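Analysis of the macromolecular model
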Protein chains: 2
Amino acid sequence: MKIVVDAFGGDNAPLQVIKGAVMAKKEYGIDIILTGSKKEIVRCAEENKISLIDLEIYDAQDVISMEDDPTDILKQKSNSSMAVAFKLVADGVADAFVSAGSTGAVVVGGSLIVKRLKGIKRAALGTVLPTKNGNFMLMDVGANADCRPEMLAQFGIMASAYLKHVAGIENPGIGLLNIGTEETKGDELRLKSFKLLKSSPINFIGNVEARELTEDVCDACITDGFNGNIALKLYEGVSLSIMSMFRNVFKQNLKTKIAASVLMPGLMKLKAKFDYSEVGGAPLLGLRKPVIKAHGSSNAVAIKNAIRQAKLFVENDVTAAIINGLAEFEKVEQNEI
Amino acid sequence: MKIVVDAFGGDNAPLQVIKGAVMAKKEYGIDIILTGSKKEIVRCAEENKISLIDLEIYDAQDVISMEDDPTDILKQKSNSSMAVAFKLVADGVADAFVSAGSTGAVVVGGSLIVKRLKGIKRAALGTVLPTKNGNFMLMDVGANADCRPEMLAQFGIMASAYLKHVAGIENPGIGLLNIGTEETKGDELRLKSFKLLKSSPINFIGNVEARELTEDVCDACITDGFNGNIALKLYEGVSLSIMSMFRNVFKQNLKTKIAASVLMPGLMKLKAKFDYSEVGGAPLLGLRKPVIKAHGSSNAVAIKNAIRQAKLFVENDVTAAIINGLAEFEKVEQNEI
């Protein structure tokens, strides 16, 4: 198995990406290709005394930045580290793709270079968020601002296949993010999506309210990309902001600092819960090959974990599972007509 | 001035509502009508040794519950405490309405009994959420699941008038909740709403990202009722859930309990930040008369604060300010055609 990693994606590239790739290579024994300026990768590795072992490097002079228009990946930035990585997957040189770079560019490159599976209306991005006792996947978190009901139904099928085969959840519970639990709640999009999800070949548990999301009510929560992106950023924003408010209470004076130090072991565990590096990357589902978007602020461990997700994606053939789920759904739909 | 209060709305009715009404009457020197079973109100007051002073009571045998369909307020529950309160406002007996009862019923009763202002497409519910150094109003938080761009523009005008005249903010900054700050970001609804808000007679500060909401970036954030309701409940759910995670760290053993007790003064301040009773109620804007929806779990202080909001709403004639803002906006729109 060969996984291509965009060495120049993310806030901590290339150092942390190189480190993560080397860790993954050693730990999982898979082949890894790095894309990006060969000169800079070699120099960075030497400066940091990292042995590149037998990682392959494909040279790419450009880098697509957060400021670039995502569609630049097809045009001015078609020789960027990310574009070259996508082409290696599209051409079958690599089996899966990992990048911590621009989300928009990953969505455009994934959809238009790797391309969508036949029958899939839109690729969707799923991200894992912490709950009281574990986590859940929120999907779509921003690949598609405007969604139709058929798209949300497909997201449910894709999330179910991914969680079963990558996260190892036997019969994942899939919910629809809504403003009430009753079938009659929500806007037009939700009302129609509910009906489709109900008839799809997954364990659809019905509507899920935003307030319950932290309470381990479902394994994946389906929504449109606009609402999902707002929910994701609010989840992050509110938790970071409350954490920082607590920190201010702890730092108030010597007495509070000493008190906080007693609480530190528990607080560190809490912090780890909200640590992206533990969770890994977000899969962009519905494509012909596995594409994993790692968090922009990924460190080496986060990159390694994203590579592990890509490996499980390939090994357990999530793509085939999605195709099967889709075929089954279409059969049900046809029978109903 | 006379404000009508639904004595049987909310989880803590009628006791906390009666207490709050008595407090408001004493503190603000305004006239208050309570609606609901006169017998039960009098008995509850006697049992709790509350002097009803000269509060008026309008008898209403029924109560609209959270389980009732909101439209029942027009039919089976037209003699409920909430319906009677709405009619007193519609008939001009009272100047403003306060209830901690079913949000859905408040929206239906407000829109169809009190009725919308001429030209207002939909009434919208605005709620105040805490930020690092203050708070902001999120609107609409659920009165309208499906929204059109003209509606979002009107929400902006209404929120601006309310914040100026009730919260005393000179030139409120109004943002549009979106998945990016650039004008080109978002779904169809956002793209069109941005243009309308930009040409409206308010201090429109552009798109606001969900991650920034806790950072005091705007005085009001405008969105559709579906997305706003999800954002509101996520805000509540994530903060409550993190608070409870911290509590578990504090309660772990004797040492951590002692440490937590040292931090208590700071932690209590933090808790107060998220306390609904301090903030008061959510205005339902765009109606002929002021309607305030208090939080379902309101205690006496929260009810008193909601009555205070209603009082400021009447005193500072927010309704006239909304009418003026709307007229100004229509002038701009016509000039552009």
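Residues numbered from 1 in each chain as written. Chains lettered and ligands numbered in written order. Predicted model: local features only at pLDDT ≥ 70, side-chain atom pairs only at ≥ 80, totals over all residues. Heavy atoms only, no water.

Some words on the side chain of Ser298(A)
All names here are of chain A. Applied cut-off: Under the scheme used here, helices are H or I runs from DSSP no shorter than 4 residues and strands are E runs no shorter than 2 residues, and both carry numbers assigned from the N terminus. Burial classes: relative accessible area under 20% of the type maximum marks a residue as buried, over 50% as exposed, and values in between as partly exposed (1.4 Å probe, protein chains only). By definition, residues are in contact when any of their heavy atoms lie within 4.5 Å.
The topology assignment puts Ser298 in the loop between β11 (291–293) and α10 (300–315). For Ser298, a relative accessible area of 6% gives the class buried. Residues within four places of Ser298 in sequence aside, it is in contact with Asn12, Gln16, Ala100 and Ile303.

Some details on empty space enclosed by the protein
We count it as follows: The method works on a 1 Å grid over the protein atoms by themselves. A cavity is a set of points holding a 1.4 Å probe that cannot get out, a pocket is an open set with protein on both sides within 12 Å along at least five of seven lines, and residues with an atom within 4 Å of a point line them. Grid points are joined across faces, edges and corners, and a volume is the space filled by probe spheres set on the points. Classification convention: Asp, Glu, Lys, Arg as charged; Ala, Val, Leu, Ile, Met, Phe, Trp, Tyr, Cys, Pro as nonpolar; all other residues, Gly among them, as polar.
The full count for this structure, using the stated rule, is two cavities of 30 Å³ or more. Considering only enclosed or pocket space, the largest cavity measures out at about 40 Å³ in volume. In terms of residue count, helix α7 (residues 225–250) of chain A provides more of the lining of the largest cavity than any other element does, four residues in total. For the lining of the largest cavity, the per-class residue count stands at six nonpolar, two polar and no charged. The space that makes up the second largest cavity amounts to roughly 30 Å³. Pro130(A), Thr214(A), Tyr235(A), Phe274(A), Val238(B), Ser241(B), Ile242(B) and Met245(B) are the residues that line the second largest cavity. Here the lining of the second largest cavity gets four residues from one element, more than from any other, and that element is helix α7 (residues 225–250) of chain B. Taken together, the residues of the lining of the second largest cavity sort by class into six nonpolar, two polar and no charged.

Description of the sheet that holds strand β7 (residues 173–178) of chain A
Residue and element names in this part refer to chain A. Here is the rule: Pairs of strands are assigned from DSSP output, requiring at least two bridges between the strands. Fitted lines through C-alpha atoms give the axes, limited to the stretch in contact for helices. The angle between two N-to-C directions lies from 0 to 180 degrees.
The strand order across the open sheet formed by eleven strands is β3-β2-β1-β4-β11-β10-β5-β6-β9-β7-β8, and the pairing between neighbours is mixed. Two strands in the sheet have a free side with no partner beyond their single neighbour: β3 (56–59) and β8 (203–209). Between one strand axis and the next, the sheet turns by 25 degrees as a mean value, whatever way the strands run. Sheet topology places strand β5 (residues 124–130) next to strand β6 (residues 135–139); five bridges connect them, and they run antiparallel. Residue pairing across strands places Val128 opposite Met137, the latter belonging to β6. The strands touched by helix α6 (residues 188–198) within the sheet are β7 and β8, with β7 carrying the most contacts at an inclination of about 170 degrees.

Description of the interface of chain A and chain B
Interfaces are often sized by the accessible area lost when the parts come together. We apply this condition: Each of two parts loses accessible area, computed with a 1.4 Å probe, when they are put together; buried area is these two losses added. Here, a salt bridge means any side-chain nitrogen of Lys or Arg that lies within 4 Å of a carboxyl oxygen of Asp or Glu. Whenever two N or O atoms come within 3.5 Å, that pair is a polar contact, provided that in protein one can donate a hydrogen and the other can accept it, and provided that, for residues adjacent in sequence, both atoms are side-chain atoms.
Opposite the 47 residues of chain A that make contact, chain B presents 47 residues. The junction of chain A with chain B conceals about 4,500 Å² of combined surface from both sides, 78% of it contributed by carbon and sulfur atoms. Connecting chain A to chain B are four salt bridges. In this structure, the salt-bridge partner of Lys233(A) is Glu209(B), at a minimum N-O distance of 2.4 Å. Between chain A and chain B we count eight residue pairs in polar contact (both at pLDDT 80 or more) in total. The set of elements that each furnish at least two residues to the side of chain A that touches chain B consists of β7, α6, α7 and α8 (254–273) of chain A. Taken together, the residues of the side of chain A that touches chain B break down into 23 nonpolar, 13 polar and eleven charged.

Thoughts on the relation of the copies chain A and chain B
The criterion, for reference: The fit set for superposing copies consists of C-alpha atoms from residues with pLDDT of at least 70 in both; the fit itself is least squares.
For the match of chain A to chain B, the screw axis carries a shift of 0.0 Å, the RMSD comes to 0.0 Å, and the turn is 180 degrees. Read as a symmetry element, the transformation amounts to a two-fold axis. If distances are taken from each C-alpha of chain A to the rotation axis, the shortest is found for Ala259(A), at 2.2 Å. In this assembly, 100% of the residues forming the interface of chain A have copies in chain B that are likewise at the interface, indicating an isologous arrangement.

Digging into a positive patch on the surface
Residue and element names in this part refer to chain A. Spelled out, the test is: Here, patches come from residues exposed beyond 30% relative accessible area and free of salt bridges, joined within 9 Å for like charges and within 5 Å for nonpolar side chains (Val, Leu, Ile, Met, Phe, Trp, Tyr). Computed by Shrake-Rupley with a 1.4 Å probe, the accessible areas treat only the displayed protein chains as cover when residues are assessed. Residues counted as positive are Lys and Arg, residues counted as negative are Asp and Glu, and His and the chain ends are not counted. All charge positions are set by atom: Lys at NZ, Arg at CZ, Asp at CG, Glu at CD.
A cluster of basic residues, Arg247, Lys251, Lys257 and Lys271, forms a positive patch on the protein surface. Within the secondary structure layout, Lys251 lies in the loop between α7 and α8. Residue class for Lys251 comes out exposed when judged on its relative accessible area of 52%.

Concerning the packing of helix α5 (residues 149–165) of chain A against α6(A)
All names here are of chain A. Put simply, the rule is: Angular relationships are summarised with four words: roughly parallel below 35 degrees, roughly antiparallel beyond 145, roughly perpendicular across 65 to 115, and oblique for the angles in between. Handedness of a helix crossing follows the sense of rotation of the near helix relative to the far helix, less than a right angle counterclockwise being left-handed and clockwise being right-handed.
At a closest axis distance of 8 Å, the pairing of α5 and α6 adopts a crossing angle of 45 degrees. Comparing their axes, α6 and α5 come out oblique. Every pair of crossing elements has a handedness; the one defined by α5 and α6 is right-handed. Of the residues in α6, those in contact with Pro149, Glu150, Leu152, Ala153 and Gly156 of α5 are Leu189, Arg190, Lys192, Ser193, Leu196 and Leu197. For the contact of α5 with α6, the residue count by class is six nonpolar, two polar and three charged.

Some words on the sheet that holds strand β5 (residues 124–130) of chain B
Residues and elements named next belong to chain B. Ordered in space as β3-β2-β1-β4-β11-β10-β5-β6-β9-β7-β8, the eleven strands form an open sheet in which the pairing is mixed. The sheet terminates laterally at β3 (56–59) and β8 (203–209), the two strands that pair on one side only. Here the average twist between neighbouring strands, direction ignored, is 25 degrees.

Details of helix α8 (residues 254–273) of chain B
Which entries qualify depends on this criterion: By this rule the span expected of a helix is its residue count minus one, scaled by 1.5 Å.
Taking 1.5 Å per residue as the helical rise, α8(B) with its 20 residues ought to reach 28 Å, and the 27 Å between its terminal C-alpha atoms agrees with that figure. Among the residues of α8(B), Thr256(B), Ala259(B), Ala260(B), Leu263(B), Gly266(B), Leu267(B) and Leu270(B) are the ones counted as buried. The secondary structure elements touched by the buried residues of α8(B) are α7 and α8 of chain A together with α7 of chain B. The opening residue of α8(B), the one whose side-chain oxygen lies 3.0 Å from the backbone nitrogen of Lys255(B), is Asn253(B).

Some remarks on the packing of aromatic side chains
For clarity, the cut-off: Ring pairs shown here join Phe, Tyr and Trp side chains whose ring centres sit within 6.5 Å, with only the six-membered ring taken for Trp; geometry is labelled stacked below 30 degrees between planes, edge-to-face above 60, and tilted in between.
All told, the structure shown has 13 aromatic pairs over all chains when counted by the stated rule. Seen from their ring centres, Phe250(A) and Phe246(B) are 6.5 Å apart, and the 55 degrees between their planes marks the pair as tilted. Of the two residues, Phe250(A) sits in helix α7 while Phe246(B) sits in helix α7, which places them in two different chains. Take Phe250(A) and Phe246(B): they sit in the same class, and that class is buried. Look at Phe246(B) and you get buried, because its relative accessible area is 3%. Cluster of aromatic residues (ring-pair linked, three or more members): Phe246(A), Phe250(A), Phe246(B) and Phe250(B).

Structural notes on the confidence of the model for chain A
To keep it simple, the criterion reads: The pLDDT value tells you how sure the predictor is about a given residue, anywhere from 0 up to 100.
Within chain A, residue pLDDT values average 94, and 98% of them lie at 70 or more. As scored by the predictor, the complex reaches a pTM of 0.91 and an ipTM of 0.89.

Some points on unusual backbone geometry
The linkage connecting Ala13(A) with the following residue, Pro14(A), adopts the cis geometry, with an omega of 0 degrees. As for its placement among the helices and strands, Pro14(A) is situated in the loop between β1 (2–6) and α1 (15–28). One non-glycine residue, Asp216(A), lies in positive phi territory at about 60 degrees. If you trace the backbone, Asp216(A) turns up in the loop between β8 and β9 (220–222). A residue is classified by how much of its surface remains accessible, and Asp216(A), at 32% relative accessible area, is partly exposed. Although it is not a glycine, Ile53(B) sits at a positive phi angle of roughly 35 degrees. Within the secondary structure, Ile53(B) sits in the loop between α2 (38–47) and β3.

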